[in-house]
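Below, each chain spelled out in residue letters.
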Amino acid sequence: MPVRAALLIVLPLVFLGPLTAQDRRDVEDFEFVVKTVAEEGAAIRRHRIDWNGVAKTYRTRLEGVKDEAGLVALVMELLAECRDGHTGVLRHGVDRAKLPSKWDGLWSAGLWVVQEGGRFQLAGRDQEKGARPGATWVTVGGWPVHLAMERERRRCARIQGLSSSHSFFASIGNRAVPMGEAESIELGFLVDGEVETEPVRRWGPTGRGFDSMSVDGPEGLARKDGAVGYVLSGEGAARIGYLRITGSMDEATAKAFHAAMDELGAIGALVLDCRGMGGGGDGPAWDVAGRFFAKPVGNGRNGRIEPTGSKPFLGPVLMIQDELEVSSAETFTWAMSETGRAISIGRPTGGWSIIPRRFRAPSGRFDFRVGVTDRPTPIRGILTEGTGWAPDLLVPRGPVLTRNARFTLELATGLAALALAEGEDATRDLVRRLGEGRFDEIRQKRKRARSAAGAPDLVPLVEALEADLTATLDLETALLERCDPPDVLGARARLEEIRPRAREAGAKRALTALERKLKGLAGEARAQEALLEALDARFSWSERERASFLKAHGRSAHADFARKNLPGKDDASGR
């Protein structure tokens, strides 16, 4: 492009020289996006982004744009710099095949993978052959998974805003295998302390992504649009109902939800499964929440939640949540949690709390969205952008629990039965103690409660949580020993989360072994950190940067990996 676009902000168009009509439209559209984000963008303030500096870099790149596809691709990358999942290009007239995609090179292979702070566990697969659920995914195509998936995260972050890593990894859970252009690739799984490899093809036997609902919901329950209900157990007032919201927060989902609640009939407690529930609008979110109140209830800055539906459900609600809940799905989660109406278990929500607004480029060629209001939760005033809303009880993703995809459902059902038998206060107290790792105390108390009429047997569930905690500590030590190079930084971060529970649970042996192993890998941790800092967003670097890293960390396992797999570029920047 024969124009230095930066001049647009200081000179009127009449002085810009040999601009073509196409050039003028590109510059005007680009500068409108820059100005809109500068004036309206909430994420650039939250993340303290030097937006003028970012815009300057992209103006230089604008000079190389040749067509509309190039402009839209450039604007995609520009908006992705906001690091806000709501901010990005929406409508455009470009053939999508000409634009970068989140799914470039990512394929299903018939697997469902979940992650815990950068550790990846196999939670389901479409065939009997190969590693079973509960195995830890450690290599892909000769790369350690922690580096391969960081590369994919950075690739996607270049073209779309990512509010949180946990939301991103959840969104690719059934298409997580980075195969690139290959028809098949070899994966490695840690099984019983040994790394076992297996080849996988682009698609699994079904030819589509793994459907997690087929294994984590009630057995035999068919998916329905919007919402689907099911009676789990019990008779009369002791019946426990199950309702899964399968749609987004829109009027159609709200209508399906109320219909499913009506079909459940008289139940004493409800397991409300919100995993995978999509965003949409706050109005439908409050409409759905209103079904659980007999009279208006205060909702902080959002006024009141009004009762809705044919008949309010006032019994105990055990809500299952996960990382795929974003935006207005999180609004619903807040409404149920902050009012105390539900006891929640599962995973933190996605952390997309900045409210977006839609804009149109001056030429009309594309629309884009910018997150404009960094809103806190309405009652407690907590900012959840990037972190999500935590459940009352986090359900870990260790090697024991991921063998049983229905564990979270079983736990929610057991807690619902407890709420019916002993009350919601007792259930909340148990949930708190489970989260603290007080397993032996709970186990003894629940064994004594078995003699009480109607008391649910929660001991197997408590023992599974305890076994998973100990197995996870052993797994983390094994990963540091068996993986080359090891993910020391990830193990450190995961240890900080698990340590308080491990101490309370009395898992001293396994905890001490992991702490000693990490202490001995302090140099490897420095090498891993330096490598990730030296590699740019495209996972590349210059020869100078590569040489500097190898000189400083040449004896580390990450340096050995870099020598074999990460050549430097010859240009001065390496970018």
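Before reading on, note that the structure itself is shown above.
Every value quoted in this text rests on a predicted model; they were computed, and no experiment measured them.

(A) Representation of the overall build of the chain. Across its full length, the chain carries 19 helices and 21 strands. For a compact globule of 575 residues, the expected C-alpha radius of gyration is about 25 Å, and the chain comes in at 26 Å, within 12% of that figure. Seen through its C-alpha atoms, the chain measures out along the principal axes to roughly 85 × 60 × 45 Å. Residues counted as buried form 53% of the 575 residues belonging to the chain. Relative to all contacts within the chain whose residues are 6 or more apart in sequence, the contacts with residues 24 or more apart total 70%. About 24,900 Å² of surface is accessible on the chain, with carbon and sulfur atoms providing 50% of the total. With 83 positive and 80 negative side-chain charges, the chain shows a spacing of 2 Å between the two charge centroids.

(B) Representation of the sheet that holds strand 17 (residues 317–321). If you walk across this open sheet you meet the 6 strands as 10-11-13-17-18-21, and the pairing is mixed. Edge positions in the sheet fall to strand 10 (227–233) and strand 21 (393–394), since each has one partner strand and no second. Direction of pairing for strand 11 (residues 240–245) relative to strand 13 (residues 269–273): parallel, over a ladder of 5 bridges. Along strand 13, the bridge assignment pairs Arg-244 with Asp-273. Relative to the sheet, helix 12 (residues 424–436) contacts strand 18 (343–346) and strand 21, its axis offset from that of strand 18 by approximately 30°.

(C) The nonpolar core, seen in detail. Counting residues in each nonpolar core, the largest one holds 46 residues, and the members touching the most others are Val-271, Ile-345, Phe-407, Leu-411, Leu-434 and Leu-473. In contact with Leu-434, other than residues within four places in its own chain, are Leu-393, Phe-439, Ile-442, Val-462 and Leu-465.

(D) Representation of the pattern of salt bridges within the structure. Per the stated rule, a full pass over the model turns up 47 salt bridges. The salt bridge involving Arg-538 is made with Glu-77; its shortest N-O contact spans 3.8 Å. Of this pair, Arg-538 sits in the loop between helix 17 (522–534) and helix 18 (543–553) while Glu-77 sits in helix 4 (residues 68–80); the two residues are 461 residues apart in sequence, bridging distant segments of the chain. On the basis of relative accessible area, Arg-538 is assigned to the partly exposed category, the value being 44%. Three or more residues are tied together by salt bridges with common partners; here these are Asp-429, Arg-432, Arg-433, Glu-436, Arg-438 and Glu-441.

(E) Quick look at the pairing of strand 11. The element strand 11 is largely enclosed, with a buried count of 6 among its 6 residues. Judged by which residues are buried, strand 11 turns out to be covered on both faces: Ile-240, Tyr-242 and Arg-244 on one side and Gly-241, Leu-243 and Ile-245 on the other are all buried. Taken together, the 6 bridges between strand 10 and strand 11 define a ladder with antiparallel strand orientation. Its bridge partner lying in strand 11, Val-228 is registered against Arg-244. A loop of 6 residues connects strand 10 with strand 11, the two strands running antiparallel in sequence, and Gly-234 in this loop sits at a positive phi of about 90°.

(F) Just the sheet that holds strand 19 (residues 354–360), in detail. Read across the sheet, 3 strands follow the order 1-20-19 without closing on themselves; strand pairing throughout is antiparallel. Here the strands that pair on one side only, and so sit at the sheet edges, are strand 1 (88–92) and strand 19. Neighbour to neighbour, the strand axes of the sheet diverge by 30° on average, direction disregarded. Relative to strand 20 (residues 366–374), strand 1 runs antiparallel, the two sharing 3 bridges. Paired with Gly-88 across the two strands is Arg-369, which belongs to strand 20. Contacts between helix 4 and the sheet are confined to strand 1 and strand 20, with strand 1 contributing the most and set at about 150° to the helix.

(G) Seen up close, the packing of aromatic side chains. All chains considered together, the criterion is met by 13 aromatic pairs. Ring centres 6.1 Å apart and planes at 40° place the aromatic pair Trp-143 and Phe-539 in the tilted group. In this pair, Trp-143 sits in strand 6 (residues 143–144) while Phe-539 sits in the loop between helix 17 and helix 18, placing the two residues 396 residues apart along the sequence. Note on Trp-143: relative accessible area 13%, which makes it buried. On the basis of an interplanar angle of 55° and a centroid distance of 5.9 Å, the ring pair of Phe-257 and Phe-292 is categorised as tilted.

(H) Quick peek at unusual backbone geometry. Look at the link from Asp-484 to Pro-485: it is a cis peptide, with omega at 0°. As for its position among the elements, Pro-485 is in the loop between helix 14 (459–482) and helix 15 (488–505). At Ala-109, a residue that is not glycine, the phi angle is positive and equals roughly 60°. For Ala-109, the location among the structural elements is in the loop between strand 2 (106–107) and strand 3 (111–116).

(I) Structural context of helix 18. Within helix 18 the residues assigned to the buried category are Glu-545, Arg-546, Phe-549, Leu-550 and His-553. Across the axial projection of helix 18, the buried residues extend over an arc of 130°, all falling on one side. Residues of helix 18 that are exposed and angled more than 90 degrees away from the buried face: Arg-544, Lys-551 and Ala-552.

(J) Structural detail: the packing of helix 8 (residues 251–264) against helix 9 (residues 282–289). It is the contact of helix 8 with helix 9, at a shortest axis distance of 9 Å, that shows an interaxial angle of 10°. Here helix 9 runs roughly parallel to helix 8, going by the angle between their axes. Across from Glu-251, Ala-254, Phe-257 and His-258 in helix 8, the residues of helix 9 making contact are Pro-284, Asp-287 and Val-288. Class assignment of the residues belonging to the contact of helix 8 with helix 9 gives a composition of 4 nonpolar, 1 polar and 2 charged.

(K) Representation of the pairing of strand 18 within the structure. Where burial is concerned, the two faces of strand 18 agree: the one with Ile-343 and Ile-345 and the one with Ser-344 and Gly-346 are both buried. As defined by bridge partners, strand 17 adjoins strand 18 across 4 bridges and the pair is classed as parallel. Within strand 18, the residue paired with Gln-321 across the bridge is Gly-346. Bridge count between strand 18 and strand 21: 2 bridges; the pairing is parallel. Counterpart to Gly-346 in the pairing with strand 21 is Leu-394.

(L) The arrangement of the environment of Ala-530 in detail. Structurally, the position occupied by Ala-530 is in helix 17. If sequence neighbours within four positions are ignored, Ala-530 has contacts with Phe-549 and His-553.

(M) Spatial organisation of the side chain of Ser-108. Locating Ser-108 in the fold gives a position in the loop between strand 2 and strand 3. A polar contact is formed between the side chain of Ser-108 and the backbone oxygen of Asn-174, at a distance of 3.3 Å. Beyond its immediate stretch of four places on either side in the chain, Ser-108 contacts Asn-174, Arg-175, Val-177, Arg-202, Trp-203, Arg-208, Gly-209 and Phe-210.

(N) A look at the packing of helix 15 against helix 17. Axis separation between helix 15 and helix 17 bottoms out at 8 Å; the angle between their running directions is 110°. The angle between helix 15 and helix 17 falls in the class roughly perpendicular. Counted together, Val-488, Leu-489 and Arg-492 of helix 15 and Ala-522, Glu-524, Ala-525, Gln-528, Glu-529 and Leu-532 of helix 17 form the full contact between these two elements. Here the contact of helix 15 with helix 17 is built from residues that sort into 5 nonpolar, 1 polar and 3 charged.

Criteria and cut-off values
- Residues numbered from 1 in each chain as written.
- Predicted model: local features only at pLDDT ≥ 70, side-chain atom pairs only at ≥ 80, totals over all residues.
- Heavy atoms only, no water.
- Helix = DSSP H or I, 4+ residues; strand = E, 2+ residues; numbered from the N terminus.
- Rg over C-alpha atoms; globule rule 2.2 N^0.38 Å.
- Buried < 20%, exposed > 50% of the residue type's maximum accessible area, 1.4 Å probe, protein only.
- Contact = heavy atoms within 4.5 Å.
- Areas by Shrake-Rupley, 256 points an atom, 1.4 Å probe, with all protein chains shown as cover.
- Lys, Arg positive; Asp, Glu negative; His and termini not counted.
- Charge placed at Lys NZ, Arg CZ, Asp CG, Glu CD.
- Pairing = 2+ DSSP bridges.
- Axes fitted to C-alpha atoms, helices over the stretch in contact; angles between N-to-C directions.
- Core = buried A, V, L, I, M, F, W, Y, C linked by side-chain atoms within 4.5 Å.
- Salt bridge = Lys/Arg side-chain N within 4 Å of Asp/Glu carboxyl O.
- Phe/Tyr/Trp six-rings, centres within 6.5 Å; stacked < 30°, edge-to-face > 60°.
- Arc of directions from axis to C-beta.
- Parallel < 35°, antiparallel > 145°, perpendicular 65-115°, else oblique.
- Nonpolar A, V, L, I, M, F, W, Y, C, P; charged D, E, K, R; others polar.
- Polar contact = N/O pair within 3.5 Å; in protein donor to acceptor, adjacent residues only side chain to side chain.

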